Amino acid sequence: MIRFKMRFAVLFTIVLATSTVQADEPGTVPIFAQRKWDCPLLTPDSLAGWQYGERPIVGWSSTGGKLIGPADSTPLLSGFTFGDFQLHFQWSVADGGTLKMTFPQVPNGTGLELILCEGDRCGRLTDDGKELSPGEKIDAVEDRRHTAAVRRAGKALAIEIDGKRLYEVAVQPEHRFGLGLAVAAGKATLADLRLQEPTGEPIFNGKDLSGWWTDGDKNAWKAEDNELVLQPSNGRYLRTEKEFANFTLSLEYKMKKGGNSGIALRTPRDGWPSGDGMELQLIDTPRNEPIHKGSTMAVYGNMPPLGRADNSQQYNRVVVKADGRMISTWVNGELVQQCNTLDHPELKHRHLSGWIGVQDHLAWVRFRNMRVLEAPDGPGLDAWYRSRPPLAVAVVIDRLMNQECLSVADGIISGVAAKTISGENPAEHVLAELIGPGAVVRVARINDQGRLAFYFDGEEKPRIECKPSDLPHVLPKVAECQSNPVLTCLTYRKGLKVVLSDAEQTEYRFDFLTFPDDIEVETFTAGKPIRPRGWLDAAVYRTRRFRYDWTVHREHDPFSRFNSPKKTIDPDKTEPLIHVDGTGIVHWLRLADKKFLADDNLWLEITVDGEDRPAVSAPGRYWFPGLVDGNYSNFVLVNLKDKQPTNLLAMPFGEGITISAKNCGEKPIEDLGATIIVEHATESTREQIAGRMRLRGVFRPAEDGNSQLINQEGVGRWIALIYRQPDGEPTGIAELLVDGAPRDGWAAPKFDMLLGRSGDFRAALGGRHGGLCWRYMLAAPVDFQKSLVLNVTGTKLGDRLVLFYLK
């Protein structure tokens, strides 16, 4: 993070004591002179933390830490709220300018409005439209530079401008305020905007570990000279006994050169921060290292920081503000992280309260001056969570990571562009020519011949040129370890043309999307950060975690968990395992042991809404393809600690859901158990959830004399195929018919391009392993309004499970 100096005008300050102060009489608002824990609310060159207004940001610019706005700029709303606080900043106005600073009352009140201008009524203050003070005349000074200070403590709020106290007024002590900006006239400039709050109460007493616990080796931690010192042991967290929801945490830390640690937030009692709460990364790496999802103050694995300000082997000052869904952090007086976790595909599922902790990551680390200022529970400002036009990248990643999105029609159209080159000699081959707004989400190929060029929006010069083998490195990355097929989100506003040169024989398949007008699409530019920040990182981290044998997934998420007692299922018997009444969404289904996937004896049946027939009935191993041999990088399936297979396909229900097991074998199935996680509908979400499409599956046994692999009528979305290819007759695709019309790009002599490639493999959305092949079309499902038919070459078909979301 760049350090910067401010040269602007009004210093606007609210000053506090180190604990909440109730100031009842005029002239009693305390001044807290210590500036050590100042928290700047502006970054040098971005509007991070200010994008929560009612409309998209227009008119504002941020350069060198100066925020400049004309009269036609949209009002800004920050991601910060506070009770007792100190703010100070510099400002200037021009052309008869007027700057409004708003303090909306949490959660949805109008709150205070402060007017800053030159001339009469500068400092005018209103509360919900009622005037508290008319302000005073403030004359222009040299270079129109002014200074000001405002302090709030308890019932009192005081304002000073240019070193002169204008007034002190009474405010409601229970009110908590946000912070917004608007330019009412002319032009205004703001700089050096800083926040200071009371530092709160100590959470470490400097003498012993009272109030702390760990599931690891507590003897690795000790109190020494008022510092919390780690001599590394087994890599666990030291955790507060008390749980915290909304708070401001301040501390200092120093660690070994090259060391690694973390600050845990809002983690449930037996949870793990990076999976169930949040871990703010602490790591000693060179300052010239590129920012990534593992840098200091990243929300580990999911959200890279805005910048860095940490110093190696020195004490670093950290302030963390957890306020509803907002997480903000400062290091050494610079804002380095700010995110709305509700607007994130993974973090929106995390808890809003839990323990605070520090990590033993096998390197020494020291902490001191650890304090917490607690704030009232609640989500903060309602305005933070207004619905906003979605970004194309966010839509694609949400489909991959939160499959419940697929159960709602969204107007996105999927397509396929395919090209086979065989013995042709032109220097160039147009592989795909696509019309925007859209995105390529998957590229499959059979070899690495030639050289590729990607032309965006009708441009004459390609923005991307590379060898096919370099595609995983040059395209936006959404999955780990995916060299072929490549999963991506390559967006274009007007169009995209892909050209291959110097190739004699090859085959390509591009899966792409066309977006409706209400989805914002930004054309890809190499080197430019991809919005929303952190979404691609979260997707890659998901696939990375899922390949490890120790993997867990949201073991302590804030939804309801239902476990079945272990049962014995006799042959030809069906037994209910779990039943849930009401309306909700099953976010994942897990079996007690992967041993049940060894054959087709165990069938799982899902019945929704009290229907007479199961919505899905299929052998258990078709629910969990590829997991019998352990984990692999993907978005749908994971073995809990390499033992318990888990399927993440969302299952909405309106009037109850039942998970049953059927024994189609000749021997009893023993010790069978299952677990599901259910998000119950609330009053505000019940109608929306009940109106979602239901997950439904059609399982068909092997047959001869039929070339229709899939034949489904109705209105819905095809999302998956799990297939046992028959021996001796490779299956090709003759055509895909959607509502009776053929779709381009689907015909192929083999299944390889549909699955991803030839041979045995397991990839993020497809594979061929253990006697099954599969393809999950989460990024580019196929929608139909009347029917969907997939005809194959040949008339010998194997067992298959086809999954849809259907109305």
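In the block above lies the structure referred to throughout.
Residues numbered from 1 in each chain as written. Predicted model: local features only at pLDDT ≥ 70, side-chain atom pairs only at ≥ 80, totals over all residues. Heavy atoms only, no water.

Q: Explain the sheet that holds strand 26 (residues 354–359) to me, please; I cannot follow it from the model alone.
A: In a beta sheet, neighbouring strands are held together by backbone hydrogen bonds and run either parallel or antiparallel to one another. The sheet built from five strands is open, its strands ordered 16-19-26-21-22 with antiparallel pairing. Taken across any chain shown, the strands that pair with only one partner, and hence form the sheet edges, are strand 16 (212–213) and strand 22 (278–283). In this structure, strand 16 lies alongside strand 19 (residues 237–244), joined through two bridges in antiparallel fashion. Directly across from Trp213, in strand 19, lies its bridge partner Arg239. (Pairing = 2+ DSSP bridges. Helix = DSSP H or I, 4+ residues; strand = E, 2+ residues; numbered from the N terminus.)

Q: Help me understand the pattern of salt bridges in this model?
A: Pairing is possible between side chains that carry opposite charge, provided their charged atoms lie close to one another. In this structure the tally under the stated criterion is 50 salt bridges. Put simply, Glu136 and Lys164 hold a salt bridge, and the shortest N to O gap is 2.8 Å. On the criterion of sequence distance, the pair formed by Glu136 in strand 10 (residues 136–138) and Lys164 in strand 13 (residues 164–170) is long-range, its members being 28 residues apart. What you see here is one network of salt bridges that share partners, running through Lys222, Glu224, Glu227, Glu252, Arg366 and Arg368. (Salt bridge = Lys/Arg side-chain N within 4 Å of Asp/Glu carboxyl O.)

Q: Can you help me understand the packing of aromatic side chains in this one?
A: Aromatic ring pairs: the centre-centre distance and the angle between the two ring planes describe each pair. Applying the stated rule across the entire model yields 16 aromatic pairs. Measuring from ring centre to ring centre gives 5.1 Å for Trp603 and Phe699, while their planes differ by 75°; the resulting arrangement is edge-to-face. Here Trp603, found in strand 40 (residues 602–608), pairs with Phe699, found in strand 48 (residues 694–700); they are 96 residues apart in sequence, far enough to count as distant. Residues Trp603 and Phe699 agree in their burial class; the two are buried. Taken together, a centroid distance of 6.2 Å and an interplanar angle of 50° make the contact between Tyr632 and Trp774 tilted. With Tyr632 in the loop between helix 5 (620–623) and strand 42 (637–640) and Trp774 in strand 56 (residues 772–776), this residue pair connects regions lying 142 residues apart in the sequence. Take Tyr632 and Trp774: they sit in the same class, and that class is buried. One aromatic cluster is present, built from ring pairs that chain together Phe82, Phe85 and Phe103. (Phe/Tyr/Trp six-rings, centres within 6.5 Å; stacked < 30°, edge-to-face > 60°. Buried < 20%, exposed > 50% of the residue type's maximum accessible area, 1.4 Å probe, protein only.)

Q: Would you explain the pairing of strand 58 (residues 787–793) in this entry?
A: Strand residues, when the strand is regular, have side chains that alternate between the two faces of the sheet. In terms of burial, strand 58 is largely enclosed, as six of its seven residues are buried. Pairing geometry for strand 50 (residues 708–713) and strand 58, over five bridges, is antiparallel. Along strand 58, the bridge assignment pairs Asn711 with Val789. Pairing geometry for strand 52 (residues 732–738) and strand 58, over six bridges, is antiparallel. The residue of strand 58 that forms the bridge with Leu737 is Val789.

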